[in-house]
Structures are given as structure tokens and as C-alpha cells.
Amino acid sequence: MSAAPHATQRLGRAVRLLKRHGEEAFKPQFVKESWRKPAVSGREAAVLRKAAVRDGTYGAFDPQTGRGWDPLWDKPGKVSSIRPPKETKRERTRESRAQRIEQLLEQADEKIESYRKAQLEKKPEPGIENLFKRMTKGPGAK
């Protein structure tokens, strides 16, 4: 079983163009009022870069042998925003809901007491006289 060929052997054309043109091989060119693709594609560049990292030649490019990778050729990464993720509304409002619940719990005993008093006041007074008065008023009257 033979070993896999080195990236510079598989991508001989890309290495040759890199030796000849350097960084310009990665850039598209405007020729005769139209754009031409880069001489070395992004996929080929990625394979060459990975081979340079694997071989330990990342950091310097040797134009005679075509081995290595210049760090200036790396594309800048995506700049992400600094702010935190939005999260769901339930997670965002959790703190304010907890504070509101605590305030309502402080008032809960008073509200329960006033409700129970109101329910007791709504009840008619016990006794035969009040029962007779209610019965003589007729249906629908309170």
C-alpha cells in the first residue's frame, strides 16, 4: 500500500501558480471588462494550507520548492458581535417576573384576609326572622 501523495504533488498547478504569482493567485482579476476567477481556488488553498500546518512549514513560503504557507494569505475570520445571545422571552424576563411574584406574595396574606372578610359579610345573618324576610321578598330579590 503506497502512501498518499503530498499536497504539493497533487496540486502541482496551484503550487506552480503560487510560485509565479504569490498572493495574487488567490485574488480574482478584472481583465477586459470582466472578472476572472482566482488562479488558485479556495479549496486548493485550504488543502495547501493544511499540508503546510501538517508539515510544520506554516509561517514561511519557499518559492523554490513551493512548500509552506505565508500567514498573510489567510483570510480574516468572521467578526462576531460582542453582545450576548438574545435568548427566549421567558429567559429574558425571568428576573422581573420573580421580583413581581415576590411583591405579590408580600401582599397575599392581606388580600386573602380581606377576601375572607368580604365573603363573611356577604352571608346573610342567621336567624328565623331573616329567613322569613328573604322568603317573603320573592324569587330574584336579594
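All of the points below concern the structure found in this document. Predicted, not measured: the structure shown is a model, and the values here were computed from it.

So, about the overall build of the protein. On a plain count of helices and strands, the protein comes out with six helices and four strands. In the protein, the order of α-helices and β-strands from amino to carboxyl end is α-α-β-β-α-β-β-α-α-α. Taking 142 residues into account, the globule formula puts the C-alpha radius of gyration at 14 Å, and the protein, at 41 Å, lies well above it. Taking the principal axes of its C-alpha atoms as reference, the protein extends roughly 120 × 40 × 35 Å. A separation of at least 24 residues holds for 43% of the contacts in the protein among residues at least 6 apart in sequence. With the model as given, the accessible surface of the protein reaches about 12800 Å², and the carbon-plus-sulfur share is 54%. The positive charge centre, built from 33 side chains, and the negative charge centre, built from 19, are 9 Å apart in the protein.

So, about helix α5 (residues 94–122). Spanning 29 residues, α5 covers 39 Å between terminal C-alpha atoms, matching the ideal 42 Å at 1.5 Å per step. The largest bend in α5 amounts to roughly 40° and is located at Gln107.

A word on the environment of Leu17. Relative to the helices and strands, Leu17 is located in helix α2 (residues 12–21). It is 15 Å that separates the C-alpha atoms of Leu17 and Val47, two residues lying 30 residues apart in sequence. Excluding anything up to four places from it in sequence, Leu17 contacts Gly22, Ala25, Ala39 and Val40.

It is worth spelling out the layout of surface pockets at this point. Computed from the structure, the largest pocket encloses a volume of approximately 280 Å³. Lining the largest pocket are 17 residues; nearest its centre among them are Phe26, Ala45, Trp73, Asp74 and Lys75. For the lining of the largest pocket, the residue count by class is ten nonpolar, two polar and five charged.

Given two aromatic rings, one states the distance between the centres and the angle between the planes to describe the pair. Inspection of every chain in the model, using the stated rule, returns five aromatic pairs. Ring centres 5.1 Å apart and planes at 90° place the aromatic pair Trp69 and Trp73 in the edge-to-face group. Of the residues examined, Trp73 reaches a relative accessible area of 12% and is grouped as buried. Each member of the aromatic cluster is reached from another via a ring pair, and the members are Phe26, Phe61, Trp69 and Trp73.

Attention shifts here to the environment of Gly56. Relative to the helices and strands, Gly56 resides in the loop between α3 (42–55) and β3 (61–62). A relative accessible area of 60% means that Gly56 is categorised as exposed. The spacing of Gly56 and Gly68 is twelve residues in sequence and 8.0 Å in space, taken between C-alpha atoms.

Right, let's get into a nonpolar patch on the surface. Residues Ile128, Leu131 and Met135 make up a contiguous nonpolar surface patch of roughly 340 Å² in combined accessible area. Of note, Leu131 is situated in helix α6 (residues 128–137). Residue class for Leu131 comes out partly exposed when judged on its relative accessible area of 37%.

Time to look at α3. The terminal C-alpha atoms of α3 lie 20 Å apart, and with 14 residues this matches the ideal 20 Å at 1.5 Å per residue to within 8%. Of the residues one or two after α3, Gly56 is the one with positive phi, at around 85°.

Thresholds, definitions, all that
- Residues numbered from 1 in each chain as written.
- Predicted model: local features only at pLDDT ≥ 70, side-chain atom pairs only at ≥ 80, totals over all residues.
- Heavy atoms only, no water.
- Helix = DSSP H or I, 4+ residues; strand = E, 2+ residues; numbered from the N terminus.
- Rg over C-alpha atoms; globule rule 2.2 N^0.38 Å.
- Contact = heavy atoms within 4.5 Å.
- Areas by Shrake-Rupley, 256 points an atom, 1.4 Å probe, with all protein chains shown as cover.
- Lys, Arg positive; Asp, Glu negative; His and termini not counted.
- Charge placed at Lys NZ, Arg CZ, Asp CG, Glu CD.
- Expected span 1.5 Å × (residues − 1).
- Bend = angle between axes of the 7 residues up to and from the residue.
- 1 Å grid on protein atoms, 1.4 Å probe; cavity = no way out; pocket = protein on both sides within 12 Å on 5 of 7 lines; lining within 4 Å.
- Points joined across faces, edges and corners; volume = space filled by probe spheres on them.
- Nonpolar A, V, L, I, M, F, W, Y, C, P; charged D, E, K, R; others polar.
- Phe/Tyr/Trp six-rings, centres within 6.5 Å; stacked < 30°, edge-to-face > 60°.
- Buried < 20%, exposed > 50% of the residue type's maximum accessible area, 1.4 Å probe, protein only.
- Patch = residues over 30% accessible without salt bridge, like charges linked within 9 Å, V, L, I, M, F, W, Y side chains within 5 Å.
- Salt bridge = Lys/Arg side-chain N within 4 Å of Asp/Glu carboxyl O.

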